[in-house]
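# Topology and contacts: notes
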Amino acid sequence: MAIKLILTDIDGTILPYGKKVVSEACVEAFRAARAAGILVGPASGRFFSWIPGFFGGDAACCETALATNGSQVYLGGELVLEKDVQAEGIRRAMQVLAGIERSGVIFFEGAEPYLVQGDREDLRECFSSYAETCGDRADVPASGITKANVFICGGIDRTREVVALLNREVADLDFDVPQAGFSNAMPAGWNKGEAVKWLMEREGIAPDEAVVFGDAGNDLQMFAAVEHSVAVAGALPEAREAARWHIGAAEDDAVPAAIAALAAGEWPFTA
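First, a word on scope: everything that follows refers to the structure included in this document. Every value quoted in this text rests on a predicted model; they were computed, and no experiment measured them. (Residues numbered from 1 in each chain as written. Predicted model: local features only at pLDDT ≥ 70, side-chain atom pairs only at ≥ 80, totals over all residues. Heavy atoms only, no water.)

## Here we look at the nonpolar core
Heads up, the rule is: Here, nonpolar core refers to any group of buried Ala, Val, Leu, Ile, Met, Phe, Trp, Tyr and Cys residues whose side-chain atoms link them within 4.5 Å. The buried label applies to any residue whose accessible area, calculated with a 1.4 Å probe on protein chains only, is under 20% of its type's maximum; exposed applies above 50%, and partly exposed to all values in between. Note on contacts: a residue pair is in contact if any heavy atoms of the two residues lie within 4.5 Å.
Core analysis: the largest hydrophobic core is formed by 35 residues, its most contacted members being Phe55, Phe213 and Phe269. The residues touching Phe55, leaving out its near neighbours within four places in the chain, are Ile14, Val21, Val22, Cys26, Val27, Phe30, Pro42 and Cys61. Of all hydrophobic cores here, the second largest spans 25 residues; its members include Val85, Ala93, Val177 and Ala185.

In structure tokens, the structure reads:
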């Protein structure tokens, strides 16, 4: 079976939580896949300009990439598709969240993050790096919002509950559950899965010629877009259930081992 496209989530999939850089084995696996003529890259909720840093600055590893949950698509290091987040949707989400304790909203203008609703200390609990770098804004701009997130202090069940409410009440945006305490706000009807479909159609790649790896709720649509979806050990239950194949943990470099096997023409999945 000839695999032509490999995409992988970053956090919790190739980058163990608490780590700042993927392993050398991961970088080498990406290089091997590229050498084999496979389009390979990350599919992340992260903003694109941050992604090379996770690969130790090796920009070639992310020449193909889905960033901001598919709202940005890169090929050959060039931006080929971009979708902005609608301001009215964010404002409606802010209205909904105004009645929910210890929640809030951040948005990005370009690559710059801003805290527009909620307490910075609550944001720190949910996503500490954003709390350190966010500026403060009183409102969202009318256009040019490249990324937005909701934070909700509490466990995964509370996150799922609030995200379900937002998806019922906010028509212009979709919200997911990548981890406890945090959600991505995406243009309605657009996500990693739609971006994968768009990329495959553009490049003439069939669903059985692509492999995707993930661990969380924001990977579900990506899993549904291809025939070979792979969940790592430790994935959220919904991701485990949605995946066709299952492998070891991010901490054990299970994804790099699978990518290296695919680059060598081997099939690494059995269950």
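## Description of the side chain of Ser229
Rule in force here: Under the DSSP-based scheme used, a helix requires at least four consecutive residues in state H or I and a strand at least two consecutive residues in state E, with every element numbered from the N terminus. Polar contacts here mean pairs of N or O atoms no more than 3.5 Å apart (in protein, one a potential hydrogen donor and the other a potential acceptor; neighbouring residues in sequence count only if both atoms are side-chain atoms).
Looking at the secondary structure, you find Ser229 in strand β13 (residues 228–233). By relative accessible area, Ser229 is classed as buried at 2%. Here Arg244 takes part through its backbone nitrogen, which lies 3.0 Å from a polar atom of the side chain of Ser229. Apart from residues lying up to four places away in sequence, Ser229 is in contact with Val212, Phe223, Ala242, Ala243, Arg244 and Trp245.

## Some remarks on empty space enclosed by the protein
Applied cut-off: Using a 1 Å grid laid over the protein atoms alone, points where a 1.4 Å probe fits but cannot get out form a cavity; open sets with protein on both sides within 12 Å along at least 5 of 7 lines form a pocket; any residue with an atom within 4 Å of a point counts as lining. Grid points are joined across faces, edges and corners, and a volume is the space filled by probe spheres set on the points. Lys, Arg, Asp and Glu make up the charged group, whereas Ala, Val, Leu, Ile, Met, Phe, Trp, Tyr, Cys and Pro make up the nonpolar group; the residues left over, Gly among them, are polar.
Tallying each qualifying case throughout the model produces 1 cavity of 30 Å³ or more. The volume enclosed by the largest cavity comes to roughly 60 Å³. Thr68, Asn69, Ser71, Val85, Thr146, Lys147, Ala148, Asn184, Ala185, Met186 and Pro187 are the residues that line the largest cavity. At the level of secondary structure, the elements contributing two or more residues to the lining of the largest cavity comprise β9 (145–152) and β11 (182–187). The dominant element in the lining of the largest cavity, judged by the number of residues it contributes, is β11, at 4 residues. Along the lines of polarity and charge, the residues of the lining of the largest cavity split into 5 nonpolar, 5 polar and 1 charged.

## Observations concerning the packing of helix α1 (residues 24–35) against helix α10 (residues 254–263)
Inclusion rule: Axis angles are defined between N-to-C directions and span 0 to 180 degrees, where every axis is a line fitted to C-alpha atoms and, for a helix, only to the segment in contact. Oblique is the label for any angle not under 35 degrees, not over 145, and not in the 65 to 115 range, which are roughly parallel, roughly antiparallel and roughly perpendicular in turn. Crossing handedness follows the turn of the near helix against the far one: under a right angle anticlockwise gives a left-handed crossing, and clockwise gives a right-handed one.
Here α1 crosses α10 at 20 degrees, and the two axes come no closer than 8 Å. Between α1 and α10, the crossing angle belongs to the class labelled roughly parallel. Like other packed secondary-structure pairs, α1 and α10 cross with a definite hand, here left-handed. Across the interface between the two elements, Ala25, Cys26, Ala29, Phe30, Ala32 and Ala33 from α1 touch Pro256, Ile259, Ala260 and Ala263 from α10. Partitioning the contact of α1 with α10 into residue classes produces 10 nonpolar, no polar and no charged.

## A short note on the pattern of salt bridges
Note the following rule: Salt bridge, as used here: a side-chain nitrogen of Lys or Arg that lies within 4 Å of a carboxyl oxygen of Asp or Glu.
The final tally for this structure, using the stated rule, is 21 salt bridges. Across the pair Glu109 and Arg137 runs a salt bridge, and its minimum N-O distance is 3.0 Å. Placement of Glu109 in strand β6 (residues 103–109) and of Arg137 in the loop between β8 (135–136) and β9 is noted, with a sequence separation of 28 residues between them. By relative accessible area, which is 30% here, Glu109 ends up partly exposed.

## Digging into the layout of surface pockets
Rolled over the atoms, a probe as big as a water molecule pinpoints where empty space is left. Size it by volume and the largest pocket reaches roughly 520 Å³. Along its surface, the largest pocket is lined by 25 residues, and Asp11, Tyr17, Arg46, Phe127 and Gln179 are the ones closest to its centre. Elements with a minimum of two residues in the lining of the largest pocket: α5 (128–133), β9 and β11. Considering every element that reaches the lining of the largest pocket, the biggest residue donor is α5, with 3 residues. Empty space within the second largest pocket amounts to approximately 190 Å³.

## Description of unusual backbone geometry
At Asn69, a position not held by glycine, the phi torsion is positive, near 55 degrees. Examined against the element boundaries, Asn69 turns out to sit in the loop between β3 (65–67) and β4 (72–75). Residue classification places Asn69 among the buried residues on the basis of a relative accessible area of 2%. Within the chain, Asp253 stands out as a residue other than glycine whose phi angle is a positive 55 degrees.

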